[in-house]
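Now for the letters of each chain:
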Amino acid sequence: MKNESETKALKTVSREKAFYFFTSIGNYTGESAASLKEFMEKINTVNIKSLEFHLYRGDFEKWVAEVLEDKELAEEIGNLRPLNYSGKTLRENLLNLVAKRFKELAEL
Amino acid sequence: MKVKDNSFSLDSTDMKILEILQEDARQTYTTIGKRLGIAHSTVYDRIKRMEKYGVIKKYTTLIDAEKAGAKTITAIMTIITDPKESEHVAEKLCKIPQVTEVYTSLSEELQIIAKVTAENQETLHEFIATAVAPLPGVLRIRTSIVTKKFKETQPLIVNDPKRLTPTENKNKSREGENKSEKRVGNKSAKNCF
């Protein structure tokens, strides 16, 4: 049986609480994610600059922790930062983390 | 020039009064009258009429924020919108205090151009991410942060220095005289702010 925080992690949030992908300060790509599933899909397609911009600002982990309320995934994303990944490697590693967590939660 | 609701027309004297007020709205009716060679009562009547019909919207102050000690940054946002939602996005932006100017523009796509002020880059980004990007119909946003301001004035509706006659130019040097006279743009003349 899923506990409360795991259920929350699979929810779809309102437009106001969605994650908006930017490539730099104030430059919005037009891509957003309102659920973990959508977040996973966007990681696969969004401009790579956006992943680099948000990862090193800590935006992903903040959104995952505060909005999706998944502290475990937030911590794992935070652990990627010191590795200084960029480009395709960053996309693959981030995607693996999020896809793995999504699969775990979906199967619970 | 006709006022939009056709209530009355602006003639060349009205236009000259507007031009002078745009240079300095605190000039007295007498000073303006002298520059144009007309009675101060005529200047008064015409200004009151232009205020009544909304040609003169308000008297305001152009402040140098930097000198006033305000530590803010200014950015220009270009917002690409869904054409169906463009008006709504523009209207919503107008209601946000941090957004100081909003325009729509048509190039390859329908765009909204808006000027925004923020305390720093982080608050600017936070503001755009939480208040602008989520607006329905916003497709993309490009933001340029202003690094140096070279000029900032109100747009002149009439901008032809040759239109001032020699008499008017000569009278320019007399500006500042009659300090005790009632100024056009002071608070007692109209609630400016």
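Residues numbered from 1 in each chain as written. Chains lettered and ligands numbered in written order. Predicted model: local features only at pLDDT ≥ 70, side-chain atom pairs only at ≥ 80, totals over all residues. Heavy atoms only, no water.

A. View of the interface of chain B and chain A. Listed by partner, the interface residues are 17 residues for chain B and 14 residues for chain A. Across the chain B to chain A interface the summed buried area is about 1,200 Å²; carbon plus sulfur atoms make up 53%. Summed over the three residues of chain B that lose the most area to chain A, namely His 125, Ala 133 and Pro 134 of chain B, the buried surface amounts to 39% of that side. Joining chain B to chain A, the criterion identifies one salt bridge. Glu 122 of chain B is the partner of Arg 57 of chain A in a salt bridge, and the nearest nitrogen-oxygen pair spans 2.8 Å. The tally of links from chain B across to chain A stands at seven residue pairs in polar contact (both at pLDDT 80 or more). Contributing elements (two or more residues each) for the side of chain B that touches chain A: α5 (121-132) and β4 (138-145) of chain B. When residues in the side of chain B that touches chain A are grouped by element, the largest group, seven residues, is from β4 of chain B. (Contact = heavy atoms within 4.5 Å. Buried area = accessible area lost by both parts, 1.4 Å probe. Salt bridge = Lys/Arg side-chain N within 4 Å of Asp/Glu carboxyl O. Polar contact = N/O pair within 3.5 Å; in protein donor to acceptor, adjacent residues only side chain to side chain. Helix = DSSP H or I, 4+ residues; strand = E, 2+ residues; numbered from the N terminus.)

B. Representation of the packing of helix α5 (residues 71-80) of chain A against helix α6 (residues 87-107) of chain A in the model. All names here are of chain A. Interaxial distance between α5 and α6 falls to 10 Å at its minimum, and their mutual angle equals 165°. Put simply, α5 runs roughly antiparallel to α6. Crossing handedness for the pair α5 and α6: right-handed. Counting all contacts with α5, which are made through Glu 72, Leu 73, Glu 76, Ile 77 and Leu 80, the residues of α6 involved are Asn 93, Leu 94, Leu 97, Val 98, Arg 101 and Glu 104. Across the contact of α5 with α6, the residue classes tally to six nonpolar, one polar and four charged. (Axes fitted to C-alpha atoms, helices over the stretch in contact; angles between N-to-C directions. Parallel < 35°, antiparallel > 145°, perpendicular 65-115°, else oblique. Left-handed = near helix turned anticlockwise from the far one by under 90°. Nonpolar A, V, L, I, M, F, W, Y, C, P; charged D, E, K, R; others polar.)

C. How the structure looks around the pattern of salt bridges. Residue and element names in this part refer to chain A. Taken as a whole, this structure holds 16 salt bridges over all chains when the rule is applied. Across the pair Lys 42 and Glu 31 runs a salt bridge, and its minimum N-O distance is 2.7 Å. Remark: Glu 31 occurs in strand β2 (residues 27-33) and Lys 42 occurs in helix α2 (residues 36-45); sequence separation between them is eleven residues. The partly exposed category is assigned to Glu 31, whose relative accessible area is 27%. One salt-bridge network, in which partners are shared between bridges, spans Asp 70, Glu 72, Arg 101 and Glu 104. (Buried < 20%, exposed > 50% of the residue type's maximum accessible area, 1.4 Å probe, protein only.)

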